[in-house]
Structures are given as structure tokens and as C-alpha cells.
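Examining the three-dimensional arrangement
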Amino acid sequence: NSCEKCMWAGINLSGTSWQSQGNANSHPHQGRVVLQNGATLEHARTAISNWSLDDPAGQATSGGIIHATGANFINNGRSAEFIPYQNYGFGGIPISDGSFFRNCTFNITNDYKGLAVNYPFKHHVTMWDVSGVKFYGNTFKNEHTGNLRGLGDGIYSYNSGFNATRYPLNLSQSAN
């Protein structure tokens, strides 16, 4: 994003809200993004979300899957957004969301463009009515030295359950 006073919309993972995310190798009804090996998403209003902006309420398109390992989320108004979605396993039993963040860095620096476009930083990750998103060994930082109208939150959740641990899993283990 070379525009000095603008931010891009980010990645929207369209899904089918009433469908399962499937197993680890099959996601026929859900969009899926794999970020790894230093992949960087920066200067977005919302870097990545589990639904499509073409569905303003997200009621039909939530369920997108995010797999991030060693990725960087830098200077985004929000790095990841999850809106209501319930994943189901065999027999219709509720199970955890298949999304995870492993050894990722979330950071706001003095290069944050949001202030120029009236988009203040509030949260790195937001979750509303989802369960089981996993966070393993991530770093959440705010290194901005100016006035951001508050420091912001690493993870902000409402009516959601998630797993967070300081230590990463052994990379040979499944994240599902």
C-alpha cells in the first residue's frame, strides 16, 4: 500500500454460514487463507475477516478459515475479525472453529496510516459469537509513540470462546 493517506479493505473469506468447515484437508463450503513464512498484511482497515463484505450483515457468508503461522500483521486498523459462526462436526455436534494464529506478530508502529483517514486503532483481533479460534505463541504490540486515543487491545471478544497460550505447539501437531 503505497498510498500515504489511505488503507485498503483487506481480505474477506466468504463462507456458507450454515455449513461445517470440514476436516483438515477439505473445506468445500468455506474460504480459506494460509499465511506463513513471514507473510505480511499491513495498512488495511481490517486485514482479514471470516466473512464477505458483499453480505453486509455477514449472516450468510461467515465461516472463512484463517491459518496463520509466522505471519506479520502490521499497522492495521484491525488485523483479524470473526463475526458469528458455529462450526459443526459429525452428527451436528458443535466443535471449535478451524482458524488459528501460531507465532504471529501483531503490531502498531509510528507508520500507522489510520489516523490520517480517521480510522483509529482499537483492537488487533475481534471476535463476536465464535468459539475455538486458537492463538499459540503470538506477540501483540503497540509501539506507536503518538496519540492513538488509547493503547488498544490484543484480543477483544464478545460472547466468544478462544484458546490462547504463551508457548507454541509443536509444529508437527495438528492445529485443529
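We now turn to the structure provided with this report. Everything numeric here is computed off the predicted structure, so don't read it as measured data. The residue numbers shown here count from 1 along each chain, following its written sequence. At least 70 in pLDDT is required for a residue's local features to be given in this predicted model, at least 80 for side-chain atom pairs to be given and counted, and no such filter applies to totals for whole chains, interfaces and linings, which use all residues. The basis for the side-chain values is all heavy atoms of the structure; hydrogens and waters are excluded.

Structural notes on the sheet that holds strand β1 (residues 11-12)
We count it as follows: For two strands to pair, DSSP has to find at least two bridges joining them. By the criteria applied, helices consist of DSSP H or I runs no shorter than four residues and strands consist of E runs no shorter than two, each listed in order from the N terminus.
Read across the open sheet, the five strands follow the order β1-β4-β7-β12-β15; overall the sheet is parallel. Each end of this open sheet is capped by a strand with a single partner; those strands are β1 and β15 (153-158). Where strand β4 (residues 46-49) lies against strand β7 (residues 78-82), three bridges are found, and the strand directions are parallel. Bridging across to β7, Ser-49 finds its partner in Glu-81.

A few points about the pattern of salt bridges
Just so we agree on the cut-off: We count a salt bridge whenever a side-chain nitrogen from Lys or Arg sits within 4 Å of a carboxyl oxygen from Asp or Glu. Accessible area is worked out with a 1.4 Å probe on protein chains only. A residue is then buried under 20% of its type maximum, exposed over 50%, and partly exposed in between.
Summed over the entire model, instances satisfying the criterion amount to two salt bridges. The closest approach of N and O atoms between Arg-78 and Glu-81, which form a salt bridge, is 3.5 Å. Measuring nitrogen to oxygen at the nearest pair gives 3.7 Å for the salt bridge that ties Glu-143 to Lys-141. Exposure remark for Lys-141: the relative accessible area of 32% places this residue in the partly exposed category.

Re unusual backbone geometry
The general pattern is negative phi for most residues beyond glycine and trans for most peptide bonds. Phi angles above zero are rare outside glycine, and Asn-37 is one such case at about 55°. Looking at the element boundaries, Asn-37 is found in the loop between β2 (32-36) and β3 (40-42).

A look at the pairing of strand β5 (residues 65-69)
Burial analysis of β5 places four of its five residues in the buried class, the great majority of the element. Two elements, β2 and β5, share five bridges in a ladder whose sense is parallel. Paired with Leu-35 across the two strands is Ala-68, which belongs to β5. Both β5 and strand β10 (residues 100-102) contribute to a ladder of three bridges, which runs parallel. Of the residues in β10, the one forming a bridge with Thr-69 is Arg-102.

Section: the sheet that holds strand β16 (residues 161-165)
Condition: Structural elements are reduced to axes, namely lines fitted to C-alpha atoms, with helices fitted over the stretch in contact, and the angle between N-to-C directions of any two is expressed from 0 to 180 degrees.
With respect to topology, five strands assemble into an open sheet ordered β2-β5-β10-β13-β16, the strand pairing being parallel. Edge strands, defined here as strands with exactly one partner in the open sheet, are β2 and β16. On average, each strand axis in the sheet is inclined to that of its neighbour by 10°, with strand direction left out of account.

Side note on the nonpolar core
We count it as follows: We call a set of buried Ala, Val, Leu, Ile, Met, Phe, Trp, Tyr and Cys residues a nonpolar core when their side-chain atoms join them within 4.5 Å. In what follows, residue pairs with any heavy atoms lying within 4.5 Å of each other are defined as contacts.
Core analysis: the largest hydrophobic core is formed by 22 residues, its most contacted members being Leu-35, Ile-48, Ala-68, Phe-73, Phe-82 and Phe-101. For this core, the secondary-structure elements that each account for two or more residues are β2, β4, β5, β7, β12 (123-128) and β13 (131-136). What Ala-68 contacts, discounting residues up to four positions off in sequence, is Leu-35, Phe-73, Phe-100, Phe-101, Arg-102 and Cys-104.

Brief notes about the environment of Gly-137
With respect to the helices and strands, Gly-137 occurs in the loop between β13 and β14 (139-142). Remark: the alpha-carbon pair of Gly-137 and Thr-165, spanning 28 residues in sequence, is separated by 6.1 Å.

Describing the packing of aromatic side chains
Where we set the bar: Within 6.5 Å between ring centres, the rings of Phe, Tyr and Trp (the latter by its six-membered ring) count as paired, and their orientation is classed by plane angle as stacked under 30 degrees, edge-to-face over 60, tilted in between.
A complete count under the given rule lists seven aromatic pairs for this structure. Considering the side-chain rings of Phe-82 and Phe-101, the 6.3 Å spacing of their centres and the 90° angle between planes classify their relative orientation as edge-to-face. Here Phe-82 is found in strand β7, whereas its partner Phe-101 is found in strand β10, with 19 residues between them in sequence. A residue is classified by how much of its surface remains accessible, and Phe-101, at 0% relative accessible area, is buried.

A short note on a nonpolar patch on the surface
Applied cut-off: Put simply, a patch holds well-exposed residues, over 30% relative accessible area, that have no salt bridge, with like charges counted together within 9 Å and Val, Leu, Ile, Met, Phe, Trp or Tyr side chains within 5 Å. The Shrake-Rupley method, run with a 1.4 Å probe sphere, supplies the accessible areas, and residue values consider only the shown protein chains as cover.
On the surface, a cluster of nonpolar side chains totalling about 380 Å² of accessible area is made up of Trp-128, Tyr-156 and Tyr-158. Within the secondary structure layout, Tyr-158 lies in strand β15.

Looking at the environment of Ala-9
By secondary structure assignment, the location of Ala-9 is in the segment before β1. Given the relative accessible area of 31%, Ala-9 is considered partly exposed. In the structure, Ala-9 is positioned 67 residues away from Asn-76 in sequence and 10.0 Å away in space, judged by C-alpha atoms. Ala-9 has contacts with Arg-45, Thr-46 and Leu-53, leaving out every residue within four places of it along the chain.

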